[in-house]
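As a plain string of letters, each chain reads:
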Amino acid sequence: MISAATGAVALVVAPVVREHGVEYLIATVVLAGVIQVVLGVLGVARLMRFIPRSVMVGFVNALAILIFTSQLPHLRDVPWMVYPLVAVGIAIMVLMPRWTKVVPAPLVAIVLLTAATVLAAIAVPTVGDEGELPESLPSLLFPDVPLNLETLQIIAPYALAMALVGILESLLTAKLVDDVTDTHSNKTREAWGQGAANVITGFFGGMGGCAMIGQTMINVKASAPARASRRSSPACSC
């Protein structure tokens, strides 16, 4: 299961940044992580077994629609060569698993298409076009906010919402992966582990996050279910 900054979490914490600034976001992420640890220790994750399959189906389908629509802007007003490259990439990811699953098909698609665009000097949009990339690693910091009741009143509602949204999405994703791989995961450990990760992320200026169902299912379908295939890349807010 892959965890990183997600749209669901960003949607919840965006008002904090807009109304109070980045420092309050960092404090919110740290508090949300603490709440998730508490919920995990209290065993709230065990309640996942009461969620019906219809909720799971709706959850997955809604995210599939959101993921699909979020990609459409990247296919507008782009060089015409983007379209055949996209078609080839999809073909590799769909057809290669029928031949072999030794190497993940998405990885093969990335390597081959990157090599083709570089060697043939094909002009296509790059990640750098989306914004300036960081030039250094994030550093440890403490949120520059007043440590008083007023600050707690500001960040507590957002932190609680972030904690609940994050833990719900992560546990739903974990349950889905369990069903697909016919395995059993420790939901309690996932809950408090995610909380601890968000606390650490906050102190390094990240916006926090949770499990990402799209990337997770790509990982699973690419025959990479082992722990070594996991990654966590919380987006930095600094």
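Here goes a summary of the coordinates provided. Predicted, not measured: the structure shown is a model, and the values here were computed from it. (Residues numbered from 1 in each chain as written. Predicted model: local features only at pLDDT ≥ 70, side-chain atom pairs only at ≥ 80, totals over all residues. Heavy atoms only, no water.)

**As for helix H1 (residues 7–20)**
Then step 1. Here H1 spans 20 Å end to end across 14 residues, near enough to the 20 Å set by a 1.5 Å rise per residue.
Then step 2. Of all the bends in H1, the greatest reaches close to 40 degrees and is centred on Val13; the proline Pro15 follows between one and four positions later.
Then step 3. Of the residues making up H1, those classed as buried are Val9, Val12, Val13, Pro15 and Val16.
Then step 4. In the core, the buried residues of H1 are packed alongside helix H2 (22–41), helix H6 (149–181) and strand S2 (210–211).
Then step 5. Gly21 sits one or two positions beyond H1 and adopts a positive phi of about 105 degrees. (Helix = DSSP H or I, 4+ residues; strand = E, 2+ residues; numbered from the N terminus. Expected span 1.5 Å × (residues − 1). Bend = angle between axes of the 7 residues up to and from the residue. Buried < 20%, exposed > 50% of the residue type's maximum accessible area, 1.4 Å probe, protein only. Contact = heavy atoms within 4.5 Å.)

**Some details on the pattern of salt bridges**
Then step 1. Scanning all chains against the criterion turns up two salt bridges.
Then step 2. A salt bridge links Arg18 to Glu19, with the shortest nitrogen-to-oxygen separation between them at 3.7 Å.
Then step 3. Judged by its relative accessible area of 62%, Arg18 falls in the exposed class.
Then step 4. Judged by its relative accessible area of 46%, Glu19 falls in the partly exposed class.
Then step 5. Of the charged contacts, one joins Lys187 and Asp178 as a salt bridge, the two residues approaching to 2.6 Å between their closest N and O atoms. For the pair Lys187 and Asp178, a shared accessibility class is recorded, and that class is buried. (Salt bridge = Lys/Arg side-chain N within 4 Å of Asp/Glu carboxyl O.)

**As for the packing of H6 against helix H7 (residues 187–202)**
Then step 1. Between H6 and H7, the least distance of the axes is 10 Å, while the angle of their chain directions is 135 degrees. Looking at the two axes, H6 sits oblique to H7. Crossing of H6 against H7: the hand is right-handed. Listed contacts from H7 to Met162, Gly166, Ile167, Ser170, Leu171, Ala174, Lys175 and Asp178 of H6 are Lys187, Glu190, Ala191, Gln194 and Asn198.
Then step 2. Tallied by class, residues from the contact of H6 with H7 come to five nonpolar, four polar and four charged. (Axes fitted to C-alpha atoms, helices over the stretch in contact; angles between N-to-C directions. Parallel < 35°, antiparallel > 145°, perpendicular 65-115°, else oblique. Left-handed = near helix turned anticlockwise from the far one by under 90°. Nonpolar A, V, L, I, M, F, W, Y, C, P; charged D, E, K, R; others polar.)

Keep in mind that these numbers describe shape and distance, not what the molecule does.
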